[in-house]
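Chain and residue survey
Read off the chains here:
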Amino acid sequence: MKTLKVALVGARGYSGLELSRLLLGHPNAQLIDVYSSNTQWQLAQDIIVPSAKNVNTRQLDQLEANAKNYDVIFFATSAGQSAEWIPKLLEHTQIIDLSGAFRLNWQQTQKFYKLELDEKYLSPANYGLSPWNKCASRFISNPGCYVTATLMALIPLLKENLITTDVVIDAKSGTTGAGRSPKDSTNFSEISQEIHPYKITNHQHEPEIIRYLSHFASTDIDPIFTTTLLPIPRGILSSIYTRLQDGVGVKQIHEAYEYYYREYPLLQNYWLQGDDLGFSWKTSLKRVVNTPFTQLAYTAKDNKLYLFSMIDNLLKGAASQAVENFNAMFELPVTTGLIKETL
Ligand SMILES: NC(=O)c1ccc[n+]([C@@H]2O[C@H](COP(=O)([O-])OP(=O)(O)OC[C@H]3O[C@@H](n4cnc5c(N)ncnc54)[C@H](OP(=O)(O)O)[C@@H]3O)[C@@H](O)[C@H]2O)c1
């Protein structure tokens, strides 16, 4: 296969830097240009990989004129920037967007992102939850980080009607989830020694979880969803509590994951038993940080299910999932450019 020419808008941010590292090591991609409002910034300032020196930093006002030179443009920008640029560029090239701008329906996009976008861009068919959506489209909207961890765990169980729809999702993230731009809530003095629930009842990932459980599992749920900021840089733990349907045991939960992820190499499936219930690496966030893997670990007591889904917010929650979507777009194996570079 020919080498695909790639540009990245938002390379200076946390997800953009991770994506740059992955693209520089991808055997079928050539990262040619990055776009930044800070044109003095060079990728080689932040990334040691020697080929980073060959990547040009370009001004955003050149983006539209240059778009046809790329096979794909990635956006790792704010939702507002993605919404401004992507509709103008889609006739010239293919696009993968990491922001939340195109994940929700019209009303929700207006409410949570303050954006009014043409409905034609907001179709669930563009939503790139890998491996659930094969995404042959020219435009892929990459899922949210909390949403990814949660949907990977819940879709198989709801599809098979193994659990009730009464679900509690207690999701926690490291501070890189809030981006690289300095903020009061994530500065060291505020978050060190702290643990902090935030956006209570009002997080934009709640409607995203509901929309895509309906889309992928054909199940409508109205979960209790909470988000908490942890005093660590990266990683997401989504702890999910629900009840098994009558007659269902944890063995069937294990089998559902085995079945649905049988051709997906980027998932670890752990049924917690015996000593695992005390203190185990199978429930360790450190194991997945800096990897593109999703780790699912679970157990049940009577009809109560305790389920823990862990990802790296900047990789499976953002950059490595964007590469999975790039691979799907160009019919490459799902792990291309992912396993060697990130382990
Ligand atoms: N962080 C995550 O875990 C995560 C996960 C999933 C999805 N996302 C989504 O992905 C998009 C990008 O997120 P992000 O967390 O990577 O954002 P970020 O770190 O805040 O970076 C976004 C952009 O902000 C600008 N910026 C402003 N001040 C900066 C500074 N001091 N240092 C570096 N860049 C600065 C840069 O653009 P210029 O170079 O043009 O100034 C940069 O590309 C967002 O839409 C976010 O919602 C993030």
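Below or above, wherever it landed, is the structure these notes cover.

About the cut-offs
- Throughout, residues of each chain are indexed from 1 in the direction in which the sequence is written.
- Only residues with pLDDT of at least 70 are given local features in this predicted model, and only at 80 or more are side-chain atom pairs given and counted; all residues enter the totals for whole chains, interfaces and linings.
- Excluding hydrogens and water, the side-chain values take into account all heavy atoms of the structure.
- Near, as used in this document, describes a residue that has one of its heavy atoms within 4 Å of the molecule or strand being considered.
- What qualifies as a polar contact is a pair of N or O atoms within 3.5 Å, subject to a donor-acceptor requirement within protein and to the restriction that residues adjacent in sequence count only when both atoms come from side chains.
- Each accessible area is a Shrake-Rupley result for a 1.4 Å probe, and residues are judged covered by the shown protein chains and nothing else.
- Nonpolar residues are Ala, Val, Leu, Ile, Met, Phe, Trp, Tyr, Cys and Pro. Charged residues are Asp, Glu, Lys and Arg, and all others, Gly as well, are polar.
- Pairing between strands is defined by DSSP: at least two bridges between them are needed.
- Only DSSP runs of H or I covering at least 4 residues are called helices, and only runs of E covering at least 2 are called strands; the numbering of each starts at the N terminus.
- Fitting a line to C-alpha atoms yields each axis, with helices limited to the stretch in contact; the angle taken between N-to-C directions then spans 0 to 180 degrees.
- In this scheme, patches are assembled from residues that exceed 30% relative accessible area and form no salt bridge. Like charges are connected within 9 Å, while nonpolar side chains (Val, Leu, Ile, Met, Phe, Trp, Tyr) are connected within 5 Å.
- Here, a salt bridge means any side-chain nitrogen of Lys or Arg that lies within 4 Å of a carboxyl oxygen of Asp or Glu.
- For every residue, the accessible area obtained with a 1.4 Å probe (protein chains only) is divided by the maximum for its type, and the residue is called buried under 20%, exposed over 50%, and partly exposed between those limits.
- In what follows, residue pairs with any heavy atoms lying within 4.5 Å of each other are defined as contacts.

**Regarding the site of the ligand**
Neighbouring residues of the ligand: 25 residues in total, closest Arg12, Ser36, Ser37, Thr77 and Arg180. Within the side chain of serine 37, one N or O atom sits 2.6 Å away from an oxygen atom of the ligand. Within the backbone of threonine 77, an N or O atom sits 2.6 Å from an oxygen atom of the ligand. Relative to its unbound accessible surface of 880 Å², the ligand loses 80% to contact with the protein. Residue composition of the shell around the ligand, by class: eight nonpolar, 14 polar and three charged.

**Let's talk about the sheet that holds strand E13 (residues 304–311)**
Pairing within the open sheet is mixed, and its seven strands lie in the order E8-E9-E7-E10-E13-E12-E11. The sheet is open, and its two edges are formed by strand E8 (196–198) and strand E11 (267–271), each paired on a single side. Strand after strand, the sheet turns through a mean of 20 degrees between neighbouring axes, direction not considered. In terms of strand pairing, strand E10 (residues 236–243) meets E13 through eight bridges, oriented antiparallel. In the sheet register, isoleucine 240 faces E13, and the bridge partner there is leucine 307.

**Overview of a nonpolar patch on the surface**
Residues Val168, Ile224 and Tyr241 make up a contiguous nonpolar surface patch of about 240 Å² in total accessible area. Inspection of the secondary structure puts tyrosine 241 in strand E10. Residue classification places tyrosine 241 among the partly exposed residues on the basis of a relative accessible area of 31%.

**Section: the sheet that holds strand E5 (residues 94–97)**
The parallel open sheet is built from six strands, whose spatial order is E3-E2-E1-E4-E5-E6. Strands with a single pairing partner mark the edges of an open sheet, and in this sheet they are strand E3 (56–58) and strand E6 (139–141). Averaged over all pairs of adjacent strands, the angle between strand axes in this sheet comes to 25 degrees, irrespective of strand direction. For strand E1 (residues 4–9) and strand E2 (residues 29–35), the ladder comprises six bridges, and the chain directions are parallel. By the bridge assignment, leucine 8 is partnered in E2 with valine 34. Contacts from helix H4 (residues 79–89) reach strand E4 (72–75), E5 and E6 within the one sheet, and its direction differs from that of E4 by about 170 degrees. Here helix H10 (residues 319–329) sits on the sheet in contact with E1, E2, E4, E5 and E6, set at roughly 155 degrees to E5.

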